Amino acid sequence: MRNCGRVTDVGVGALASLAALTSLNLYKCDKVTDEGVRMLAPLTALTSLDFSCCTDVTDEGVGALAPLTALIHLTLLPCPMVADEGVRPLATRSALRCT
């Protein structure tokens, strides 16, 4: 879905039933908010997730990714609304790389 500026939280929510999904790129999907991020919580097979340039994703949304224990690559740059506090719930995962 890279660079799909028309994708919204509703579209992201439609992906929540894809239990085997391992990678999702939402680069420049700037209509995706924390609500859409929370809808990804059932996707426990996700290993790679890219929210680059998703300007409405905040610390709260990133914190909602804590149930995604298979996640090893998370891209958040630049996400101006995400700070240290947002990634803190994920900080104990030694295999997770955040960029």
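Criteria and thresholds
Once a new chain begins, its residue numbering starts again from 1 and follows that chain's sequence as written. Since the coordinates come from a predicted model, pLDDT governs what is reported: local features require at least 70, and pairs of side-chain atoms require 80 or more to be given and counted, while whole-chain, interface and lining totals use all residues. For the side-chain quantities, the full set of heavy atoms in the structure was used; hydrogens and water were omitted. Think of it this way: any DSSP run of H or I at least four residues long counts as a helix, any run of E at least two long counts as a strand, and we number them from the N terminus. The size measure is the radius of gyration over C-alpha atoms, and the globule rule it meets is 2.2 Å times the number of residues to the 0.38 power. Under the scheme applied here, a residue whose accessible area is under 20% of the maximum for its type counts as buried, over 50% as exposed, and between as partly exposed, the area being computed with a 1.4 Å probe on protein chains only. One side-chain nitrogen of Lys or Arg within 4 Å of one carboxyl oxygen of Asp or Glu is enough to make a salt bridge. The pairing criterion for strands is at least two bridges between them, as found by DSSP.

Help me understand the overall build of the protein chain in this model?
Scanning the protein chain for helices and strands turns up four helices and four strands. In the protein chain, the order of α-helices and β-strands from amino to carboxyl end is α-β-α-β-α-β-α-β. Its C-alpha atoms give the protein chain a radius of gyration of 12 Å, within 12% of the compact-globule value 13 Å for 99 residues. For the protein chain, the spread of C-alpha atoms along the three principal axes comes to 35 × 30 × 20 Å. Within the span of the protein chain, comprising 99 residues, buried residues form 37% of the whole.

I'm lost on the pattern of salt bridges in this one. Help?
It is possible for side chains bearing opposite charge to pair when their charged atoms get close. Under the definition given, this model contains two salt bridges. Here Arg38 and Glu60 are joined by a salt bridge, their closest N and O atoms 2.9 Å apart. Placement of the pair is Arg38 in helix H2 (residues 34–38) and Glu60 in helix H3 (residues 59–63), with a sequence separation of 22 residues. Of the charged contacts, one joins Glu85 and Arg88 as a salt bridge, the two residues approaching to 3.5 Å between their closest N and O atoms. The class of Glu85 is exposed, set by a relative accessible area of 51%. Note on Arg88: relative accessible area 49%, which makes it partly exposed.

Can you walk me through the sheet that holds strand S4 (residues 97–98) in this structure?
Here four strands make up an open sheet; going across it, the order is S1-S2-S3-S4 and the pairing parallel. A single partner strand is all that each edge strand has here, and the edge strands are strand S1 (23–25) and S4. Pairing analysis gives three bridges linking S1 to strand S2 (residues 48–50), with the strands arranged parallel. When the sheet's bridge partners are listed, Ser23 is paired in S2 with Ser48.

What should I look at first to understand unusual backbone geometry in this one?
Of note, the amide linkage connecting Leu77 to Pro78 takes the cis form, showing an omega dihedral of -20°. Relative to the elements of secondary structure, Pro78 occurs in the loop between strand S3 (73–75) and helix H4 (84–87). With a phi close to 60°, Lys28 is a non-glycine residue in the positive phi region. By secondary structure assignment, the location of Lys28 is in the loop between S1 and H2. Here Lys28 falls in the partly exposed class, since its relative accessible area comes to 37%. For Cys53, which is not glycine, the phi dihedral falls at a positive 65°. Position of Cys53 among the secondary structure elements: in the loop between S2 and H3.

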